[in-house]
Amino acid sequence: MTKAKRMMQENIKLIDLIIELVDARIPLSSRNPEIDELGKGKSRIVLLNKSDLADPVGNKQWTAYFQEKGIHVLEVNSKSGMGLKAIHGLVQTACAEKIARDKKRGIVNRPIRAMVVGIPNVGKSTFINSFCGRACAKTGNKPGVTKGKQWIKLNNKLELLDTPGILWPKFEDPEVGMRLAFIGSINDEIIIVEEMVCDLLRCIRTLYPKSIIERYQVEWAENEVDTLTAIAKARGCLAKGETVNLKKAAELVLDDYRSGKLGRMTMELPETNIASVEDET
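In this report, we go over the structure that sits alongside the text.

About the cut-offs
Residues numbered from 1 in each chain as written. Predicted model: local features only at pLDDT ≥ 70, side-chain atom pairs only at ≥ 80, totals over all residues. Heavy atoms only, no water. Axes fitted to C-alpha atoms, helices over the stretch in contact; angles between N-to-C directions. Helix = DSSP H or I, 4+ residues; strand = E, 2+ residues; numbered from the N terminus. Parallel < 35°, antiparallel > 145°, perpendicular 65-115°, else oblique. Contact = heavy atoms within 4.5 Å. Nonpolar A, V, L, I, M, F, W, Y, C, P; charged D, E, K, R; others polar. Pairing = 2+ DSSP bridges. Salt bridge = Lys/Arg side-chain N within 4 Å of Asp/Glu carboxyl O. Buried < 20%, exposed > 50% of the residue type's maximum accessible area, 1.4 Å probe, protein only. Phe/Tyr/Trp six-rings, centres within 6.5 Å; stacked < 30°, edge-to-face > 60°.

Viewed as axis vectors pointing N to C, helix α7 (residues 174–183) and helix α8 (residues 193–207) meet at an angle of 100 degrees, and their least axial separation amounts to 10 Å. Between α7 and α8, the interaxial angle falls into the category roughly perpendicular. Residues Glu-175, Met-178, Ala-181 and Phe-182 of α7 touch α8, and the partners they reach there are Met-196, Asp-199, Leu-200, Arg-202 and Cys-203. Looking at the contact of α7 with α8 residue by residue, the class counts come to six nonpolar, no polar and three charged.

Here it is, written out as structure tokens:
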């Protein structure tokens, strides 16, 4: 991570624009706070990636949030290509002042250079491949696939600099780390999945309580462990001797959440202390 950050610092002077991908389900938690400092004085675009997995109400609120901060923002789905065509126009808008300055200096047809940044597993490489229309970057469903920088010439108007995903070394708010674990930005192999899914169930119970009832045909129990146990029984997640296999049940719930089978969910909103997003839909 330190090496990747140093590489970005060395290349920031070469670029005109920062395109930052965040996970639309947790737009604030999936932003590296160091990017703001790194990108001072540069034009900015935030892409709410995986917006098809996020609540439409949440997408609108986060779009307004970034716009109020003077950051250009767009909902996209890198896998399907939704929203990607609009990026070209947004790049021209975001860099309008730079383009105008170049014209005054007699510089024409110089491509805009954009650095693509984002924390691990927000879909950065998938975005680059979809946006370019060819396989330019390695992809994977786990963090840490992109290892080094890569310049990609999209056309005569735009060049992209792909960079490794960078997580900051310490989470001041443990809730941020928890949300990052939900979406897979923290390696699953170092996490106790049953504990993480109990945290996930706690958040879902607050924001989208109907989703668990409808998906698994179970009622919420007094605590998340009992709810997970009920899900395990309902879905036949059993070990030898008909004992409940909580790990298997937890992996099932986690896969259902990450794939959107539990419904479109936004796990944080610009306005805090909202009891349930379902109340607004």
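Take the pairing of strand β5 (residues 150–153) next. Pairing between β5 and strand β6 (residues 158–162): four bridges, direction antiparallel. Counterpart to Lys-153 in the pairing with β6 is Glu-159.

All told, the structure shown has 16 salt bridges when counted by the stated rule. Between Lys-124 and Asp-162 there is a salt bridge, and its shortest N-O distance comes to 3.0 Å. Of this pair, Lys-124 sits in helix α6 (residues 124–132) while Asp-162 sits in strand β6, and the two are 38 residues apart along the sequence. Summarising the burial analysis for this pair, Lys-124 and Asp-162 share the class buried. Here the residues in one salt-bridge network are Asp-16, Lys-98, Asp-102 and Arg-110, joined through shared partners.

This part covers the packing of aromatic side chains. Scanning the model with the defined rule gives five aromatic pairs in all. Judged by centre distance (5.0 Å) and plane angle (80 degrees), the ring pair of Trp-62 and Tyr-65 falls under edge-to-face. Residue Trp-62 and its partner Tyr-65 are both found in helix α3 (residues 56–68); the two are separated by three residues, about one turn of the helix. Take Trp-62: its relative accessible area is 1%, and that puts it in the buried class. Where Tyr-65 meets Phe-66, the ring centres are 5.1 Å apart and the plane angle is 80 degrees; that geometry is what we call edge-to-face. Look at Phe-66 and you get buried, because its relative accessible area is 0%. Through a chain of ring-to-ring contacts, the aromatic side chains of Trp-62, Tyr-65 and Phe-66 assemble into a single cluster.

If you walk across this open sheet you meet the six strands as β3-β2-β1-β4-β6-β5, and the pairing is mixed. Strands with a single pairing partner mark the edges of an open sheet, and in this sheet they are β3 (72–75) and β5. Strand-to-strand twist across the sheet, computed as the mean angle between neighbouring axes with direction ignored, equals 25 degrees. With four bridges connecting them, strand β1 (residues 17–23) and strand β4 (residues 112–117) associate as parallel partners. Paired with Ile-19 across the strands is Val-116, a residue of β4. Most of the contacts of α3 go to β3, to which it runs at about 165 degrees, and overall it touches β2 (43–49) and β3.

Just geometry here; none of it tells us what the structure is for.
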